[in-house]
Protein chains: 2
Amino acid sequence: MGLTIGQIAENTGLSIHTLRYYEKEGIMPHVKRNESGNRIYEPEDVEVLKFICCLKETGMPVKEIKKFVSLLMMGEQTIEDRITILLRQKENVQSQVDQLLSYIQMLDGKVEFYKSILESSKKEKRV
Amino acid sequence: MGLTIGQIAENTGLSIHTLRYYEKEGIMPHVKRNESGNRIYEPEDVEVLKFICCLKETGMPVKEIKKFVSLLMMGEQTIEDRITILLRQKENVQSQVDQLLSYIQMLDGKVEFYKSILESSKKEKRV
DNA sequence: ATAGAGCCTAGAGTTAACTCTAGATCAAGC
DNA sequence: GCTTGATCTAGAGTTAACTCTAGGCTCTAT
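The structure displayed is predicted, hence computed values, not measured ones. (Residues numbered from 1 in each chain as written. Chains lettered and ligands numbered in written order. Predicted model: local features only at pLDDT ≥ 70, side-chain atom pairs only at ≥ 80, totals over all residues. Heavy atoms only, no water.)

With respect to the overall build of chain A
Looking only at helices and strands, one finds 5 helices and 0 strands in chain A. Secondary structure elements of chain A occur, N-terminal to C-terminal, as α-α-α-α-α. Taking 2.2 N^0.38 as the reference for a compact globule, 127 residues should give roughly 14 Å; the C-alpha atoms of chain A span a radius of gyration of 23 Å, well beyond that estimate. Taken along its principal axes, the extent of the C-alpha atoms in chain A is 80 × 35 × 20 Å. Considering chain A as a whole, with its 127 residues, one finds that 36% of them fall into the buried category. Partitioning the contacts of chain A with sequence separation of at least 6, the portion at a separation of at least 24 is 44%. For chain A, the exposed surface amounts to about 7,900 Å²; the carbon and sulfur share of it is 53%. If you average the places of the 19 positive and of the 19 negative side-chain charges in chain A, the two averages end up 8 Å apart. (Helix = DSSP H or I, 4+ residues; strand = E, 2+ residues; numbered from the N terminus. Rg over C-alpha atoms; globule rule 2.2 N^0.38 Å. Buried < 20%, exposed > 50% of the residue type's maximum accessible area, 1.4 Å probe, protein only. Contact = heavy atoms within 4.5 Å. Areas by Shrake-Rupley, 256 points an atom, 1.4 Å probe, with all protein chains shown as cover. Lys, Arg positive; Asp, Glu negative; His and termini not counted. Charge placed at Lys NZ, Arg CZ, Asp CG, Glu CD.)

Things to note about the side chain of R39(B)
All names here are of chain B. Relative to the assigned elements, R39 resides in the loop between α2 (16-24) and α3 (43-57). For R39, a relative accessible area of 18% translates into the label buried. Of note is the side chain of R39, whose polar atom sits 2.7 Å from the side chain of E23. Residue contacts for R39: discarding those within four places in its chain leaves L3, T4, I5, R20, E23, V31, K32 and R33. (Polar contact = N/O pair within 3.5 Å; in protein donor to acceptor, adjacent residues only side chain to side chain.)

Topic: the relation of the copies chain B and chain A
Of the transformation superimposing chain B on chain A, the axial component is 0.0 Å and the angular component is 180 degrees, with the fit at an RMSD of 0.1 Å. Put plainly, the chains are arranged around a two-fold axis. Considering only C-alpha atoms, the residue of chain B closest to the rotation axis is V97(B), which sits at 2.9 Å. In this assembly, 100% of the residues forming the interface of chain B have copies in chain A that are likewise at the interface, indicating an isologous arrangement. (Least-squares fit on C-alpha atoms with pLDDT ≥ 70 in both.)

A short note on the domain arrangement of chain A
Residue and element names in this part refer to chain A. One can read the domain layout of chain A as domain 1 (1-73) and domain 2 (79-127). The interface is formed by 8 residues belonging to domain 1 together with 7 residues belonging to domain 2. Contact between domain 1 and domain 2 buries roughly 740 Å² in total, counting both sides, with carbon and sulfur atoms accounting for 71%. Contact with domain 2 buries surface across domain 1, with T58, F68 and L71 losing the most and accounting together for 60% of the total. On the surface where domain 1 and domain 2 come into contact, there are 0 salt bridges. (Domains from an automatic or database assignment. Buried area = accessible area lost by both parts, 1.4 Å probe. Salt bridge = Lys/Arg side-chain N within 4 Å of Asp/Glu carboxyl O.)

Points about the protein's contact with DNA strand D
Residues in close proximity to DNA strand D total 19 residues, the closest being G6(A), R20(A), R33(A), R39(A) and Y22(B). Each atom of DNA strand D within 4 Å of the protein was assigned to sugar, phosphate or base; sugar and phosphate come to 72%. Here T4(A) contributes a side-chain N or O atom positioned 3.1 Å from a phosphate oxygen of DNA strand D. Take V62(B): an N or O atom from its main chain is 3.4 Å from a phosphate oxygen of DNA strand D. (Near = heavy atom within 4 Å.)

Some remarks on the protein's contact with DNA strand C
Around DNA strand C sit 19 residues in total, of which Y22(A), G6(B), R20(B), R33(B) and R39(B) are the nearest. Atoms of DNA strand C within 4 Å of the protein belong to the sugar or the phosphate in 73% of instances, the rest to bases. In this structure, a phosphate oxygen belonging to DNA strand C sits 3.1 Å away from a side-chain N or O atom of T4(B). One of the backbone N or O atoms of G6(B) is found 3.0 Å from a phosphate oxygen in DNA strand C. Those elements that place two or more of their residues in the surface near DNA strand C are α2 (16-24) and α4 (62-73) of chain A together with α1 (5-12) and α2 of chain B. Among the elements that line the surface near DNA strand C, the one with the most residues is α2(A), at 4 residues. Each residue belonging to the surface near DNA strand C can be placed in one class, and the counts come to 6 nonpolar, 7 polar and 6 charged. (Nonpolar A, V, L, I, M, F, W, Y, C, P; charged D, E, K, R; others polar.)

Next up, the structure:
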């Protein structure tokens, strides 16, 4: 068993092109092939892919993801390095969240400002 | 009074090139010039620029920022449209935040998993 | 009056991350 | 046996958002 590239594209939202690109670039470890050379994704490949998407979506550049994946493929002696990378990434994401929350404040402030302009122009018309 | 492009670059962190590019692309309204043709940024320009940075940092593409800025320049009759855009952007940012928080969970989960591997390999050595 | 700093424009170049194309294989169904 | 649909590779093309270059002003300090 295992899924074809088309099925994976379907249920990750990534395109087939992107999946092949990820593999070519070493962002995704090599995936097994069947007799006719087609990629077959096993459940653990799907897991890895999802985690890679997490790294990507939180803004880790492809080059660094590549580094992380190469640690992955080197086995258990790289676990401490992987922890270090992930903890740094987590801090990173946390400060992104803080930034975004302050931008929400800013957007809100502007909306309120605009609303107050609308209010006062309504009053003017009423006068 | 007013600030030069170099001073603005200094205190926004944007490069001089980027500031000119923003103006050329209509992302930033036209800035006044002095007698010798150099840009002079007034406090209100700085305000607008900061807000543009907020839109950009929250993921609004340059094309849409452009649209927003053109509404800005059309005056008060576009305020309702601006509110609509900003509220949509706010929702947008809120769901980014939610996403990021769930990714933090995921990173944490992986770190814990790695730590448990380290723990159990320590025990093995001790045995 | 000249050297240097900071500014100008137009337009070319770069980078990251895809995205697509061409030409080929291969298994399944009519 | 032939078409259709999914897959393959290598490599070219695209897009967004800058980033830089060349060649040219203008003000200030020596």
